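Per-entry structural report
Residue strings, one per chain:
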Amino acid sequence: MRVAVIDYDKCNPDKCGHFLCERVCPVNRMGGEAIIVDEENYKPIIQEASCTGCGICVHKCPFNAITIVNLPEQLEEDCVHRYGINGFVLYRLPVIKEGMVVGILGPNGIGKTTAVKILAGQLIPNLCGDNDNWDNVIKAFRGNELQNYFEKLKNKEIKPVVKPQYVDLIPKVVKGKVRDLLKRADERGLFDKVVKELELESILDREIQQLSGGELQSVAIAAAVLRDADFYFFDEPSSYLDIRQRLKAARLIRRLAEEGKSVLAVEHDLAVLDYLSDIIHVVYGKPGAYGIFSMPKGTRVGINIFLDGYLPDENVRFRPYEIRFTKLSERKSQAGDVLVEYPSLVKDYGSFRLEAEGGELYRGEVVGIVGPNGIGKTTFVKMLAGVEEPTEGKVEWELKVSYKPQYIKADYEGTVFELLSKIDASKLMSSFYKTELLNPLGIPELYDRPVNELSGGELQRVAITACLLRDADLYLLDEPSAYLDVEQRLAVSRAIRHLMEKNEKTALVVEHDVLMIDYISDRLIVFEGEPGKFGKATKPMGMREGMNRFLASVGITFRRDPDTGRPRANKEGSVKDREQKERGEYYYV
Ligand code: ADP
Ligand code: ADP
Ligand code: SF4
Ligand code: SF4
């Protein structure tokens with residue numbers, strides 16, 4: 001079965017030399033009609049039945065607008081929705097089970113939101129034809145677990161609630177105080193309980209417009225949980241939250257399932273997804289072109305398969321490499337030469353005071369920085385970057401520092417290529433940087449795009465790339481995972497590790513994603529204190545000591561998966577959790 005997808009946002013028939021694809025297509029040249037021009041809309045259309053799949057148009061199109069894939073015949077009957085001719089195609093849907101949290105794992109642009117719109121009854125799937133009613137959908141899903149669900153959906157017996165992905169848009173549509181918003185949502189009489197659990201007491205009388213990203217996220221999760229629905233969907237509940245807040249939110253969401261509700265969650269932080277889900281669907285394909293929901297898997301197996309990049313039961317490799325986590329014993333600590341010694345630093349803002357212990361940094365190492373929100377991590381990194389003056393202590397070094405701030409601005413006038421080639425044009429051509437950084441982060445596809453038109457995730461990847469391309473001794477990266485999907489997080493983690501190791505450089509990385517921290521760090525700096533009041537930063541310490549100290553303050557224990565070596569959060573109160581807490585081993589058992 002052949003699927004041809006054209007990204008009409010990228011297609012520009014005037015700039016490619018007037019429908020280049022139509023002119024180069026061998027079928028057309030022989031008098032056939034694999035590509036025709038829709039004169040009315042001034043766009044090319046690929047007729048899948050006539051296309052031979054030679055791929056010439058794919059390579060010739062200067063804007064990478066065309067995707068042609070051959071998919072197994074049997075998928076055809078699993079086709080759920082297609083956004084028009086040559087539009088994105090979605091195959092299969094996730095299951096929905098009462099009393100379970102179903103996790104969805106996959107990159108952005110792969111059809112997760114489309115699937116949820118269908119399950120929430122907002123979009124009647126066209127079954128890849130011209131269907132426009134639920135009866136045919138019910139028929140198409142006969143014998144499938146979703147048949148019954150769609151029947152109820154048709155009869156309006158399902159009430160869905162959705163926690164949207166982009167919480168920063170909420171203030172544009174919702175006005176008023178947090179208390180009023182949550183009171184209105186409180187259909188289950190759980191206001192006090194939920195407010196306490198998510199620690200929202202202190203912001204109840206704030207206007208929605210004044211909330212930070214993390215506060216908005218917690219309020220949005222609370223509002224969804226308070227509603228009385230049958231089907232709950234949480235789209236990226238962990239964005240902007242620190243680890244403690246992520247796990248609190250996860251516990252609250254899990255409780256919905258324990259009460260018998262159906263819950264679906266998309267999450268890119270693998271430790272959180274693991275903790276949250278009962279079963280998992282891996283979604284694979286090509287972002288923007290097509291997406292396929294795998295059969296449901298157990299959470300452990302599903303995440304391991306995802307890290308392997310290979311689905312054994314469907315015999316599909318969706319990533320050319322697997323991700324493995326190194327054991328403590330295999331990690332180097334302080335192996336290289338000392339790069340620099342930095343002094344103790346204090347920053348006093350009046351209402352907030354940070355005290356950071358001095359320490360040493362080594363060449364070739366990555367030091368992770370962990371701690372709650374509002375504890376001074378960004379302030380510390382800014383002092384090292386020379387952006388913020390310490391109140392006490394002085395950063396006096398001759399080091400070249402490259403800094404990626406937490407909040408990145410898109411105020412550059414010009415394209416991605418212009419921005420990056422101004423930093424180092426030769427590295428853009430080097431095969432080392434192409435393999436280790438540019439291709440894995442999908443940067444060449446963005447070269448022609450104006451920087452000020454990039455989405456959050458695209459801008460983040462460009463900012464990380466810009467930071468890593470600069471010639472420096474010390475790289476400071478503040479929350480590189482923000483706005484990135486799970487696949488991109490893995491790619492960024494690998495890039496940071498490989499570049500520091502191979503170039504013998506040093507990086508400090510502020511991060512909340514536990515798997516990323518575990519994957520990239522040789523040592524850790526741990527921040528403790530009272531968020532918004534005072535913070536204390538340790539000197540860099542070994543992973544075991546650092547993680548134990550950090551996780552003890554969060555109150556959660558982790559074990560290692562025997563197959564992939566990835567850290568897994570123990571369920572609270574489980575035998576392992578209790579044993580590990582007794583021994584003070586929060587990590588690496
Ligand atoms: P995800 O939630 O995994 O990021 P989406 O379901 O939002 O993915 O989108 C999958 C693809 O479908 C996107 O690449 C987008 O281009 C396409 N798409 C989404 N909505 C529409 C629409 N209304 N019309 C045409 N294409 C769409
Ligand atoms: P983190 O990175 O750990 O989330 P930050 O370093 O961003 O923490 O902030 C720590 C505290 O310092 C916060 O309470 C924040 O409001 C405060 N703060 C940060 N910058 C300033 C500033 N320029 N003036 C006053 N207070 C600030
Ligand atoms: Fe030109 Fe590419 Fe559009 Fe074809 S798909 S008309 S080659 S821009
Ligand atoms: Fe024509 Fe080949 Fe493109 Fe198919 S893949 S439309 S046959 S150029």
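Description of the structure in this document. Since we're looking at a predicted model, the values are computed, not measured.

The description of an aromatic ring pair uses the distance of the two centres, along with the angle that the planes make with each other. In this structure the tally under the stated criterion is 14 aromatic pairs. A centroid spacing of 5.0 Å and a plane angle of 75° characterise the contact between F417 and Y447, whose relative ring orientation is edge-to-face. Linking F417 in helix α15 (residues 416-429) with Y447 in the loop between α16 (431-438) and α17 (456-469), this pair joins segments that are 30 residues apart in sequence. Overall, Y447 belongs to the buried group, its relative accessible area being 16%. Ring-pair connections join several aromatic residues into one group, and the members of that group are W134, F141, Y149, F150 and F231. When the ring centre of F191 is taken as reference, the NZ or CZ atom of K183 above it lies at 4.1 Å. The ring of Y275 has K571 lying over it, and the distance from NZ or CZ to the ring centre is 6.0 Å.

Okay, the side chain of H281 next. With respect to the helices, strands and loops of the structure, H281 is situated in strand β11 (residues 279-286). We classify H281 as buried; its relative accessible area is 1%. For H281, the side chain forms a polar contact with the main-chain oxygen of S294, separated by 2.8 Å. Not counting the four nearest positions on each side in its chain, H281 is found in contact with L93, P94, V95, V102, G103, I104, L105, F293, S294, M295 and P296.

As a further point, take the site of ligand 1. Taken together, Y83, F88, P107, N108, G109, I110, G111, K112, T113, T114 and G288 form the complete shell of residues around ligand 1. The side chain of Y83 places a nitrogen or oxygen atom 3.4 Å from a nitrogen atom of ligand 1. The separation between an oxygen atom of ligand 1 and a polar main-chain atom of G109 is 2.6 Å. In the complex, 60% of the free accessible area of ligand 1, which totals 560 Å², lies under the protein chains. Within the shell around ligand 1, the residues separate by chemical class into four nonpolar, six polar and one charged.

Rules and cut-offs
Residues numbered from 1 in each chain as written. Chains lettered and ligands numbered in written order. Predicted model: local features only at pLDDT ≥ 70, side-chain atom pairs only at ≥ 80, totals over all residues. Heavy atoms only, no water. Phe/Tyr/Trp six-rings, centres within 6.5 Å; stacked < 30°, edge-to-face > 60°. Helix = DSSP H or I, 4+ residues; strand = E, 2+ residues; numbered from the N terminus. Buried < 20%, exposed > 50% of the residue type's maximum accessible area, 1.4 Å probe, protein only. Lys NZ or Arg CZ within 6 Å of the ring centre and 35° of its normal. Polar contact = N/O pair within 3.5 Å; in protein donor to acceptor, adjacent residues only side chain to side chain. Contact = heavy atoms within 4.5 Å. Near = heavy atom within 4 Å. Areas by Shrake-Rupley, 256 points an atom, 1.4 Å probe, with all protein chains shown as cover. Nonpolar A, V, L, I, M, F, W, Y, C, P; charged D, E, K, R; others polar.

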